[in-house]
Amino acid sequence: MNHLLALNNVLSKYLIFIILGFSCIAYIVPEYFTWAIAYTPFLLGIAMFGMGLTIKFESLCSILRHPKDICIGVLAQYTIMPLLAWGICHIFTLSPDIVIGVILVGCCPGGTASNVITYIANGDVPLSVGMTITSTLIAPIVTPLLILYIGGAWVDVQVLPMMITMVKVIIVPILLGAAIQYVCKSHINTLTSISPIFSMIAIILLIAAIIAINKDKLFVSGLETLIVVGIHNILGLLLGLGVGALLKLRYDKTTALAIEVGMQNSGLAVTLAATNFALNPLATLVGAIFSVWHNISGAIFATLRRENSLH
């Protein structure tokens, strides 16, 4: 058990560098990782199962205690990032694959990484967790409808298959994890202490697989995708701050809100691209690059907010 805990700490501390390392390996020897793309829904399901294991009664109570703040966060989540995606796709001359990738990322709920980044930033962690849980649970309805409304002008969007995919890879694993957390309370601390290992391995494999299958297209679209992803993420963080300031939220709540808005569940975007937009294979690249970028920018943003909160 001590070895697993040590592995968990190493993966958590150096996750970005590990992802970058495996991405480089995947580019050099893609045949080592291309097999993993077939397991995209399963890999995301593992990550969502880990999220379910962390949903405690106290987390649900925080939603009930702060419904106004959470509603503000979820509303900002599902308006700012989708509208930014729409604007970016109109301003830049992007290929249809990149367009649908940007829209998928923009319409997804907040990612669980936002909770960790909020903690580092001295933000309101219960609020962050509440926003993530709420936006994720309503995602199977909200996300496909947003994608249809925003992306329908560029690609054919099948709403029902997308909803079914999201129920399978989000709702079922989360509910299973939450049920196990509730039933196995006496052993749950041990389980939750090592479950992030499997979630992180799943994300590492997923990103490496996407780099591997898109190796030949990276030279053509890689830099363009990185620029678009960076603009999308940074504007999301800044507009999240703007909403918090406009509504005169406390500093820690504003921090949590900005991070929640700017950091998306890009793993879900990758899964939706791979399973529901197979005719647009490069769409998965946007989510993969966003996965790496938003953790780097989030860590920088968290450091700045934390230092500012201490003065």
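Residues numbered from 1 in each chain as written. Predicted model: local features only at pLDDT ≥ 70, side-chain atom pairs only at ≥ 80, totals over all residues. Heavy atoms only, no water.

Draft legend 1. Quick peek at the overall build of the chain. On a plain count of helices and strands, the chain comes out with 15 helices and zero strands. Residues classed as buried in the chain amount to 54% of the 311 residues present. Here the contacts in the chain between residues at least 6 apart in sequence split such that 85% fall between residues at least 24 apart. About 14200 Å² of surface is accessible on the chain, with carbon and sulfur atoms providing 73% of the total. (Helix = DSSP H or I, 4+ residues; strand = E, 2+ residues; numbered from the N terminus. Buried < 20%, exposed > 50% of the residue type's maximum accessible area, 1.4 Å probe, protein only. Contact = heavy atoms within 4.5 Å. Areas by Shrake-Rupley, 256 points an atom, 1.4 Å probe, with all protein chains shown as cover.)

Draft legend 2. Quick look at the nonpolar core. Counting 73 residues, the largest nonpolar core has Leu104, Ile147, Ile170, Leu268, Leu272 and Phe277 as its most contacted members. It is helix H5 (residues 67–91) that contributes the most residues to this core, 11 residues altogether. Apart from the residues lying within four places of it in its own chain, the contact partners of isoleucine 170 are Met48, Thr136 and Leu268. Ile117, Leu237, Phe301 and Ala302 belong to the second largest nonpolar core, which has nine residues in total. (Core = buried A, V, L, I, M, F, W, Y, C linked by side-chain atoms within 4.5 Å.)

Draft legend 3. Just unusual backbone geometry, in detail. Look at asparagine 122: it is not a glycine, yet its phi comes out positive at around 65°. By secondary structure assignment, the location of asparagine 122 is in the loop between helix H7 (113–120) and helix H8 (125–137). A positive phi angle, close to 55°, is found at lysine 248, a residue other than glycine. Look at lysine 248 and you get exposed, because its relative accessible area is 73%.

Draft legend 4. Molecular detail of helix H13 (residues 251–262). Counted at 1.5 Å a residue, the expected span for H13 with its 12 residues is 16 Å, and the 17 Å between its end C-alpha atoms agrees. Within H13, 11 of the 12 residues are buried, which leaves the element mostly enclosed by the surrounding structure. Residues of H13 that are buried: Asp252, Lys253, Thr254, Thr255, Ala256, Leu257, Ala258, Ile259, Glu260, Val261 and Gly262. (Expected span 1.5 Å × (residues − 1).)

Draft legend 5. Structural context of the packing of aromatic side chains. Applying the stated criterion across every chain yields a total of one aromatic pair. When the ring of phenylalanine 22 is compared with that of phenylalanine 33, the centres are 6.0 Å apart and the planes differ by 80°; the resulting orientation is edge-to-face. Here phenylalanine 22 is found in helix H2 (residues 15–28), whereas its partner phenylalanine 33 is found in the loop between H2 and helix H3 (40–54), with 11 residues between them in sequence. In this structure, arginine 305 is placed above the aromatic ring of tyrosine 251, and the distance from its NZ or CZ to the ring centre is 3.9 Å. (Phe/Tyr/Trp six-rings, centres within 6.5 Å; stacked < 30°, edge-to-face > 60°. Lys NZ or Arg CZ within 6 Å of the ring centre and 35° of its normal.)

Draft legend 6. Structural detail: the pattern of salt bridges. Under the definition given, this model contains four salt bridges. Here aspartate 124 ties to arginine 250 by a salt bridge, and the two come within 3.7 Å at their closest N and O atoms. Here aspartate 124 is found in the loop between H7 and H8, whereas its partner arginine 250 is found in the loop between helix H12 (215–246) and H13, with 126 residues between them in sequence. The exposure class of aspartate 124 is buried, given its relative accessible area of 10%. Among the residues examined, arginine 250 registers a relative accessible area of 48% and is labelled partly exposed. (Salt bridge = Lys/Arg side-chain N within 4 Å of Asp/Glu carboxyl O.)

Draft legend 7. Region of the structure containing the packing of helix H6 (residues 96–107) against helix H9 (residues 139–151). Across the interface, H6 lies against H9 with an axial gap of 9 Å and an inter-helix angle of 140°. In the crossing of H6 with H9, the sense of the turn from one axis to the other is right-handed. On the side of H6, the interface is formed by Ile100, Ile103, Leu104 and Cys107, while H9 contributes Thr143, Leu146, Ile147, Ile150 and Gly151. Residues belonging to the contact of H6 with H9 are distributed by class as follows: seven nonpolar, two polar and no charged. (Axes fitted to C-alpha atoms, helices over the stretch in contact; angles between N-to-C directions. Left-handed = near helix turned anticlockwise from the far one by under 90°. Nonpolar A, V, L, I, M, F, W, Y, C, P; charged D, E, K, R; others polar.)

Draft legend 8. Representation of a nonpolar patch on the surface in the model. Taken together, the side chains of Tyr14, Phe17, Leu20, Ile296, Ile300 and Leu304 define a hydrophobic patch exposed on the protein surface, amounting to about 590 Å² of accessible area. The exposed category is assigned to isoleucine 300, whose relative accessible area is 52%. (Patch = residues over 30% accessible without salt bridge, like charges linked within 9 Å, V, L, I, M, F, W, Y side chains within 5 Å.)

Draft legend 9. The arrangement of the side chain of serine 291 in detail. Structurally, the position occupied by serine 291 is in helix H15 (residues 283–309). Exposure remark for serine 291: the relative accessible area of 8% places this residue in the buried category.

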